Structure formats: structure tokens, C-alpha cells
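# Reading the structure
Here is how the chains run, residue by residue.
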Amino acid sequence: MLDRICREAPRLLAPGGVLLIVQSSPADVPATLTALRRSGLRASVAARRRQAIGPVMTGRAGLFERLGLIAPGDRAEDLAVVRGVRQR
């Protein structure tokens, strides 16, 4: 779904329009930045924060550990706000 959002965002945004995407630790922020740039948006990380994982990720922590997406016992996540801007 995220690939589609990155690909289609430029035609949905007005000139100068902004897309914000919040991603957590298991997501690949550099890949999102690359996808937005390939679609023609100016992309950057607008903010980062480390915090305790929320209820959704807590419920899936065991799966994420088995998949190697988080370290065993790690119950904190890095959040990144990715910003894509359509050129004027």
C-alpha cells in the first residue's frame, strides 16, 4: 500500500502540497524516501522520536522478533515522520 501511495501522491497533491507519512521501526524509511523522490516529490525526514511501543506493535512484538524486525525484548520504537512535497 505504501508503494502505491508514494507512486500516486504527486498527482493527488496540489502544487506545493505536502504528504506526511509516520513510520515506525520495522518500516524502511530510506526506501520510502527513495520512492517519494522517484515519483518527483522533494522528500525528507521531518521528525524522529523514540518511544515505548504502542498497543498494536505490542500485540505483534513476538512476530516482529521472529522476523528479525525488532531485537528480542525491545519494547521501544523509533518513529519517523517522512515529508514529501510536490514542487510548485
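These notes cover the structure that comes with them. As the structure is a computational prediction, the values presented were derived from the model and not from experiment.

## Points about the pattern of salt bridges
- Here the structure, examined in full by the defined rule, presents 5 salt bridges.
- A salt bridge links Arg 50 to Asp 78; its shortest N-O distance comes to 3.1 Å. Separated by 28 residues along the polypeptide, Arg 50 in strand β2 (residues 42-52) and Asp 78 in strand β3 (residues 76-85) bring together distant segments of the chain.
- Overall, Arg 50 belongs to the partly exposed group, its relative accessible area being 47%.
- By relative accessible area, which is 37% here, Asp 78 ends up partly exposed.

## Observations concerning the sheet that holds β2
- Read from one edge to the other, the open sheet built from 3 strands follows the order β1-β3-β2, with strand pairing classed as antiparallel. The sheet is open, and its two edges are formed by β1 (18-23) and β2, each paired on a single side. Each strand of the sheet is rotated relative to its neighbour by a mean of 15°, with strand direction disregarded.
- Relative to β3, β2 is paired through 10 bridges, and the arrangement is antiparallel. In the strand pairing of β3, Ala 43 is matched with Gly 84.

Definitions and cut-offs
Residues numbered from 1 in each chain as written. Predicted model: local features only at pLDDT ≥ 70, side-chain atom pairs only at ≥ 80, totals over all residues. Heavy atoms only, no water. Salt bridge = Lys/Arg side-chain N within 4 Å of Asp/Glu carboxyl O. Helix = DSSP H or I, 4+ residues; strand = E, 2+ residues; numbered from the N terminus. Buried < 20%, exposed > 50% of the residue type's maximum accessible area, 1.4 Å probe, protein only. Pairing = 2+ DSSP bridges. Axes fitted to C-alpha atoms, helices over the stretch in contact; angles between N-to-C directions.

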